[in-house]
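Chains, contacts and geometry: an overview
Each chain is listed here by its residues.
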2 protein chains.
Amino acid sequence: MSSKKSPTRAVRRGKPARRAPLSRERVLRAAVELADAEGLAALSMRRLAQALGVEAMSLYNHVAGKDDVLDGMVDLVVGEIEAPAVGGDWKAAIRRRAVSAHEVLLRHRWAPLRVVSTLNIGPAMRRYVDATIGCLTAAGFSYALADRAWNAIDSHIYGFTLQQLNFPLAPGEYASAAQQFLHLIPPEQYPHMHAMSRLVIDGKHDGLQDFTFGLDLLLDGLERLLERTKAAV
Amino acid sequence: MSSKKSPTRAVRRGKPARRAPLSRERVLRAAVELADAEGLAALSMRRLAQALGVEAMSLYNHVAGKDDVLDGMVDLVVGEIEAPAVGGDWKAAIRRRAVSAHEVLLRHRWAPLRVVSTLNIGPAMRRYVDATIGCLTAAGFSYALADRAWNAIDSHIYGFTLQQLNFPLAPGEYASAAQQFLHLIPPEQYPHMHAMSRLVIDGKHDGLQDFTFGLDLLLDGLERLLERTKAAV
DNA sequence: TTGACATACTTACGCTGTAAGCCACAATGT
DNA sequence: ACATTGTGGCTTACAGCGTAAGTATGTCAA
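Residues numbered from 1 in each chain as written. Chains lettered and ligands numbered in written order. Predicted model: local features only at pLDDT ≥ 70, side-chain atom pairs only at ≥ 80, totals over all residues. Heavy atoms only, no water.

**Topic: the relation of the copies chain A and chain B**
We apply this condition: All copies are superposed by least squares; the fitting set is the C-alpha atoms of residues with a pLDDT of at least 70 in both. We call two residues in contact when some of their heavy atoms are within 4.5 Å.
You can overlay chain A on chain B at an RMSD of 0.1 Å; the transform is a turn of 180° with a shift of 0.0 Å along its axis. Given the turn and translation reported, the copies of this chain are related as if by a two-fold rotation axis. If distances are taken from each C-alpha of chain A to the rotation axis, the shortest is found for A:Gly159, at 2.0 Å. Comparing interface residues between copies, 100% of those in chain A also sit at the interface in chain B, which points to an isologous, same-surface contact.

**As for the protein's contact with DNA strand C**
Which entries qualify depends on this criterion: Nearness of a residue to a molecule or strand requires only that one of the residue's heavy atoms be within 4 Å of it. For the purposes of these results, a polar contact is taken to be a pair of N or O atoms within 3.5 Å, where, inside protein, one atom must be able to donate a hydrogen and its partner to accept one; residues adjacent in sequence count only when each atom of the pair is a side-chain atom. Each residue gets one label: Ala, Val, Leu, Ile, Met, Phe, Trp, Tyr, Cys and Pro are nonpolar, Asp, Glu, Lys and Arg are charged, and the others, such as Gly, are polar.
Contacts to DNA strand C come from 18 residues, most closely from A:Arg46, A:Tyr60, B:Glu55, B:Met57 and B:Ser58. Of all DNA strand C atoms lying within 4 Å of any protein atom, the proportion belonging to sugar or phosphate reaches 52%. Between DNA strand C and the protein, one listed contact pairs a phosphate oxygen with a side-chain N or O atom of A:Ser44 at 3.0 Å. The residue inventory of the surface near DNA strand C, partitioned by class, reads seven nonpolar, five polar and six charged.

**As for the pattern of salt bridges**
All names here are of chain A. Which entries qualify depends on this criterion: Just to be clear on terms, a salt bridge is a Lys or Arg side-chain nitrogen sitting within 4 Å of an Asp or Glu carboxyl oxygen. Each helix corresponds to a stretch of at least 4 residues labelled H or I by DSSP, and each strand to a stretch of at least 2 residues labelled E; elements are numbered beginning at the N terminus.
All chains considered together, the criterion is met by 18 salt bridges over all chains. Linking arginine 29 and glutamate 25 is a salt bridge whose minimum nitrogen-to-oxygen distance equals 2.8 Å. Of this pair, arginine 29 and glutamate 25 both sit in helix 3 (residues 24–38), separated by four residues, roughly a single helical turn. Across the pair lysine 91 and aspartate 220 runs a salt bridge whose closest N-O atoms are separated by 2.8 Å.

**Notes on the nonpolar core**
Keep this limit in mind: Buried residues of nine kinds, namely Ala, Val, Leu, Ile, Met, Phe, Trp, Tyr and Cys, make up a nonpolar core once their side-chain atoms join them within 4.5 Å. Residue exposure (1.4 Å probe, protein chains only): buried if accessible area is under 20% of the type maximum, exposed if over 50%, otherwise partly exposed.
One finds A:Leu59, A:Trp90, B:Leu59 and B:Trp90 to be the most contacted residues of the largest nonpolar core, which totals 132 residues. If you tally residues by element for this core, the top one is helix 9 (residues 143–166) of chain B, at 10 residues. Discounting chain neighbours no more than four positions away, the residues touching B:Leu59 are B:Leu22, B:Val27, B:Met45, B:Leu48, B:Ala49, B:Leu52 and B:Val54.

**Things to note about the UniProt feature "DNA-binding region" (unreviewed entry) in chain A**
Our working rule: UniProt positions are given in the numbering used here, feature names are shortened, and annotations may be inferred rather than shown by experiment.
Using the residue numbers shown here, the UniProt feature "DNA-binding region" (unreviewed entry) corresponds to residues 44–63 of chain A. Across residues 44–63 of chain A, the secondary structure splits into 35% helix and 0% strand, with the terminal C-alpha atoms separated by 14 Å.

**With respect to the side chain of B:Asp147**
Put simply, the rule is: Within this scheme the basic residues Lys and Arg register as positive and the acidic residues Asp and Glu register as negative, but His and the chain ends are omitted.
Tracing the chain through its elements places B:Asp147 in helix 9. For the buried B:Asp147, no salt bridge exists, and the shortest N-O distance to an oppositely charged side chain is 5.9 Å, to B:Arg148. For B:Asp147, the side chain forms a polar contact with the side chain of A:Gln209, separated by 3.3 Å. Setting aside residues up to four positions removed in sequence, B:Asp147 forms contacts with A:Met196, A:His205, A:Gly207 and A:Gln209.

**Regarding the environment of B:Val78**
Residues and elements named next belong to chain B. Mapping valine 78 onto the fold places it in helix 5 (residues 66–78). Take valine 78: its relative accessible area is 4%, and that puts it in the buried class. Separated by 48 residues in sequence, valine 78 and arginine 126 have C-alpha atoms that sit 9.6 Å apart.

**With respect to helix 3 of chain A**
Residues and elements named next belong to chain A. Definition in use: A helix is expected to span 1.5 Å multiplied by its residue count minus one.
In this model, helix 3 (15 residues) spans 21 Å end to end at C-alpha, consistent with the 21 Å of a helix rising 1.5 Å per residue. For helix 3, the complete set of buried residues consists of Val27, Leu28, Ala30, Ala31, Val32, Leu34 and Ala35. Those residues of helix 3 that are buried lie in contact with helix 4 (45–51) and helix 5 (66–78). Where helix 3 ends, the next residue or the one after it, glycine 39, has phi of about 90°, a positive value.

**Here we look at the packing of helix 6 (residues 90–107) of chain A against helix 8 (residues 123–138) of chain A**
Residue and element names in this part refer to chain A. The condition is simple: Here an angle of 0 to 180 degrees is reported between the N-to-C directions of two axes, which are lines fitted to C-alpha atoms, with helices fitted over the stretch in contact. Roughly parallel means an angle under 35 degrees; roughly antiparallel, over 145; roughly perpendicular, 65 to 115; everything else is oblique. Crossings are classed by handedness, with left-handed meaning an anticlockwise turn of the near helix from the far one by less than a right angle and right-handed meaning a clockwise turn.
In the contact formed by helix 6 and helix 8, the axes pass within 9 Å of each other and the chain directions differ by 155°. When the axes of helix 6 and helix 8 are compared, the pair comes out roughly antiparallel. Relative to helix 8, the crossing made by helix 6 is left-handed. Judged by residue contacts, Trp90, Ala93, Ile94, Arg97 and Ala101 of helix 6 engage Tyr128, Thr132, Cys135 and Leu136 from helix 8.

Spelled out as structure tokens, the structure:
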């Protein structure tokens, strides 16, 4: 069995060219790629190490453990979100930030669940939060109101995206899927849900959700609040 | 070793009084209790069986597997939410529904993550959705608009609650916690976040989030949309 | 009484995260 | 030039997970 153990070492001695060394950065990027491609469930320390051409325990020289990997992945993803500019049109800036966050989270389908279930204080997250607060206060919001506003916007981002990701149908399949599941919604028990399903089946309602619908409701409401506080002064 | 196997059977033969039989209902209720008390992470099939005085595999006579347990738990929790009345003041009804959902989800801290990550079509969820659609359409919303409205409200419920649960501090500790973590937010790099933290430390901003802030922004916006569509007719 | 059936228990498999120890190599101090 | 030390990767091992498969027990109908 010692002959089974040797080869890798023999090879390494013969080839002094070593493999690219690991680093926290490389580990995290590989983790994001793996999760993007195969889902969070497929991300185990062994699979991740395999993708890097390394054994599982080697990762522990660069990350503290799986939780650390997941936290690092979240911060990497948050770094992709467009931070709002401070000064200028606050409403447009915050809107762009929200739309950007939505897009990024859709790109990394595993991310929203982690973002909302980790107390994340990585550098990308801090930069992102700082720019948001700055944008709002520069526009005239008090810190207290900016805090509430930011929280409401983010609630919409996370809540909407999670619901959207959870919904497993491609837009085109929606009508036929509604047809298929209609028997679960008998009209006697669920008259309104049944009626809406019929509209979807008949092509009279696409059933598609629009991220900006709720977003604009919030932004318009915030704008009115801001004008009111300005008028009061 | 056969003597090790016998006692339970001997006891059972001696005591013809049998333990309460399992049922899907009993299993699910025990699962909710366990998750409420010790968190979702502590809920394994073995622990759940133990809580019911039974072996793990016995549960599989009543539930299809762990996923089925989790889905059933979600539907049980959704059943606790107050469904809105159809007809009458839609705004008050939808508001009560949202506040009720928020309270229920805070009672079962493990639930929001599961609600947004399971395609759940259990009976309680259907009843809940049906009443919501009915309430909105009875108020004059078109089905398409009711669909968007309902989605926006639920996005707020899930997003807000998840953020709130994720935030690990009790209200009283907030100021002192901000003090403790202030060094992570140097004013040169994060001026606005730093400024807000200072306000919290100095007691000038409580930092508490209000569920109804974003909710009322949405409801007021929806009301305006409704009036506009009515005026157009 | 006997057979069928439902329920519960036992065993076993492949997976997980990670603690502990080992070993080869590179850099450093002498 | 040589010994020393530290670093990063490897191997092994452990406890726990969900659950497939097989077995034993208790209840009820014929």
